[in-house]
Amino acid sequence: MTLLKIGPHTVQPPVVLAPMAGITNAPFRTLCREFSGGKGLFVSEMITTRALVERNEKTMQLIHFDETEKPRSIQLYGVDPDTVGKAARMIAEEDLADHIDLNFGCPVPKVTRKGGGSALPYKRNLLRSILREAVANAGALPVTMKMRKGIDDDHITYLDAGRIAAEEGITAIALHGRTAAQHYGGTADWDAIARLKEHVPEIPVLGNGDIWSADDAQRMMRETGCDGVVVGRGCLGRPWLFGDLVAAFEGTESGREALPLEGGDGRRAGAQPTLKEVAAVMLRHATLLGEWIGDEARGVVDFRKHVAWYTKGFSIGSEMRRSLAVTSSLDELDALLSELDLDQPWPVGADGPRGRTSGRNRVVLPDGWLDDPYDCAGVDADAELDTSGG
């Protein structure tokens, strides 16, 4: 098994939870860690550097880590080198995290239209300045980055960006094998991950895209030679995937109790859960959200977006699905779940693609963004969103 080093931190097995806005908050990370037995690296949802530096109340809650989270990992989004540097210094000096990841992969319009996320690596000099400021101000904290292949097939940037990252002291690079224009559609290009690994052999390269199972993760590493995998949409409604990944990488076919559940022995890693086991995880997820937010009703409301992912493929009925998606209390959620046929086995095909799968034909960019890959004119502090999320 590959030994993945992120600065002083050993990530074994080499599995990372991808930052996902509105998803990878502290409660979801807790679930994933419980299933993995604490093994792997679990990254916070995207944090805007301006909001962090200004100590935005919502942002300060998003960077909260459970005392059992080690290492603590924050992903930052920013387009202004000075602000990114200030955020990195704040994290280091105030001991807010143990690892900083930089977002250059987000494809959503509200980010790319300002020159951020997956649009930014096209501006090579700007990318270098941001990386330099982040590394210089992070002190002893390792700084990594996540990116896509480029803006579209005519504007591929990942090899140039990888070389710049290696030269500026970035500790590891994660590559999503899609362009921004692909969004989450089509098939991830694993060959690009292999090419990046060959291009920057001096630092770890992690692969991301179309990992729906532990078999997919191991196959990606075999086929690309990458040093680890980053799992995003594959774990939506399936936090136990991290237990499966640990079992697969460690060769423990029989698995173990991945998450003790009240009244049961817990799901064994690698085993397909029944609807009863899924329902128990759903209730725990909603409970954790309420405790984190400090309000049960708000926690259950926040959980609603997860219902379709957890119940994908099960025979539930459209009316019941609608009811589950509008619950407002734990008792109501528990009562509805108890009405289901909980003996249902895991549905055939439910391990496949989940989450957003559509692509886009056009990436929203600032005016004139593609005119010159080196000119950084027009990028200023206004491009820093004042709230977090992507």
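As a reminder, the structure under discussion sits directly above these lines.
Fair warning: this is a prediction, and the values are worked out from it, not measured in the lab. (Residues numbered from 1 in each chain as written. Predicted model: local features only at pLDDT ≥ 70, side-chain atom pairs only at ≥ 80, totals over all residues. Heavy atoms only, no water.)

Undergrad: Just give me the short version of the packing of helix α4 (residues 81-93) against helix α6 (residues 124-137), but keep the residues and values in it.
TA: Put simply, α4 and α6 touch, their axes get as near as 8 Å, and they point 20 degrees apart. In this view, α4 runs roughly parallel relative to α6, as classed from their interaxial angle. With respect to the hand of their crossing, α4 and α6 are arranged in right-handed fashion. Contact residues: α4 offers Pro81, Val84, Gly85, Ala88, Arg89 and Ala92, while α6 offers Leu126, Ser129, Ile130, Glu133, Ala134 and Asn137. Class assignment for the residues of the contact of α4 with α6 results in seven nonpolar, three polar and two charged. (Axes fitted to C-alpha atoms, helices over the stretch in contact; angles between N-to-C directions. Helix = DSSP H or I, 4+ residues; strand = E, 2+ residues; numbered from the N terminus. Parallel < 35°, antiparallel > 145°, perpendicular 65-115°, else oblique. Left-handed = near helix turned anticlockwise from the far one by under 90°. Contact = heavy atoms within 4.5 Å. Nonpolar A, V, L, I, M, F, W, Y, C, P; charged D, E, K, R; others polar.)

Undergrad: An account of empty space enclosed by the protein is requested, with residue identities and associated values reported.
TA: Enumeration over the complete set of coordinates arrives at two cavities of 30 Å³ or more. Each pocket or cavity is described by its volume, and for the largest cavity that value is around 140 Å³. Lining the largest cavity are 16 residues, and of these Val16, Asp101, Thr144, Ala174 and Leu206 sit closest to its centre. For the lining of the largest cavity, the elements supplying multiple residues, two or more each, are β3 (15-17), β4 (41-48), β6 (99-104), β7 (143-148) and β10 (173-176). Of the residues forming the lining of the largest cavity, the biggest block, three residues, is contributed by β7. Taken together, the residues of the lining of the largest cavity sort by class into 12 nonpolar, two polar and two charged. Of the voids in this model, the second largest cavity is the one considered here, and its volume is about 30 Å³. Lining of the second largest cavity is provided by Thr49, Leu76, Tyr77, Gly78, Val84, Leu102, Asn103, Phe104 and Ile130. Broken down by secondary-structure element, the contributors of at least two residues to the lining of the second largest cavity are β5 (73-77) and β6. Sorting elements by how many residues they give to the lining of the second largest cavity places β6 first, with three residues. (1 Å grid on protein atoms, 1.4 Å probe; cavity = no way out; pocket = protein on both sides within 12 Å on 5 of 7 lines; lining within 4 Å. Points joined across faces, edges and corners; volume = space filled by probe spheres on them.)

Undergrad: So what's going on with the packing of aromatic side chains? Residues and values would help.
TA: By the definition in use, this model includes six aromatic pairs. Between the aromatic rings of Trp240 and Trp346, the centroid separation amounts to 5.7 Å while the plane-to-plane angle is 85 degrees, which identifies the pairing as edge-to-face. Taken together, the residues Trp240 in the loop between β12 (228-231) and α10 (241-250) and Trp346 in the segment after α15 (330-338) connect sequence positions 106 residues apart. Of the two residues, Trp240 and Trp346, both sit in the buried class. Cluster of aromatic residues (ring-pair linked, three or more members): Phe35, Trp240, Phe303, Tyr310, Phe314 and Trp346. It is Lys123 that lies over the ring of Trp369; its NZ or CZ is 5.0 Å from the centre. (Phe/Tyr/Trp six-rings, centres within 6.5 Å; stacked < 30°, edge-to-face > 60°. Buried < 20%, exposed > 50% of the residue type's maximum accessible area, 1.4 Å probe, protein only. Lys NZ or Arg CZ within 6 Å of the ring centre and 35° of its normal.)

Undergrad: Break down helix α11 (residues 275-293) for me, citing the residues and quoting the values.
TA: The end-to-end C-alpha distance of α11, which contains 19 residues, comes to 27 Å, matching closely the 27 Å that a straight helix rising 1.5 Å per residue would cover. Where α11 is concerned, the buried positions are Leu275, Val278, Ala279, Val281, Met282, His285, Ala286, Leu288, Leu289, Gly290, Trp292 and Ile293. Once α11 ends, the next one or two residues include Gly294, with phi positive near 90 degrees. (Expected span 1.5 Å × (residues − 1).)

Undergrad: Let's hear about the nonpolar core: which residues, and what values?
TA: Where a protein is soluble and globular, its nonpolar side chains tend to be buried together. In terms of nonpolar packing, the biggest core is built from 109 residues, with Leu102 and Met145 touching the most fellow members. Counting residues per element, this core draws most heavily on α11, which supplies 10 residues. Ignoring sequence-local partners within four residues, the contact set of Met145 consists of Asp101, Leu102, Phe104, Leu127, Leu131, Ala165, Ile170, Ala172, Ile173 and Ala174. Counting residues in each nonpolar core, the second largest holds 11 residues, with Val11, Val16, Ala174 and Val230 among its members. (Core = buried A, V, L, I, M, F, W, Y, C linked by side-chain atoms within 4.5 Å.)

Undergrad: Break down the pattern of salt bridges for me, with residues and values.
TA: Counted by the stated rule, this structure contains 24 salt bridges. Measuring nitrogen to oxygen at the nearest pair gives 2.8 Å for the salt bridge that ties Glu168 to Arg128. Taken together, the residues span a long stretch of sequence, with Glu168 in the loop between α7 (158-167) and β10 and Arg128 in helix α6 at a distance of 40 residues. A residue is classified by how much of its surface remains accessible, and Arg128, at 24% relative accessible area, is partly exposed. With its nearest N and O atoms 3.6 Å apart, the salt bridge here joins Arg219 to Glu223. With a gap of four residues between them, Arg219 and Glu223 both fall in helix α9 (residues 214-224), about one helical turn apart. (Salt bridge = Lys/Arg side-chain N within 4 Å of Asp/Glu carboxyl O.)

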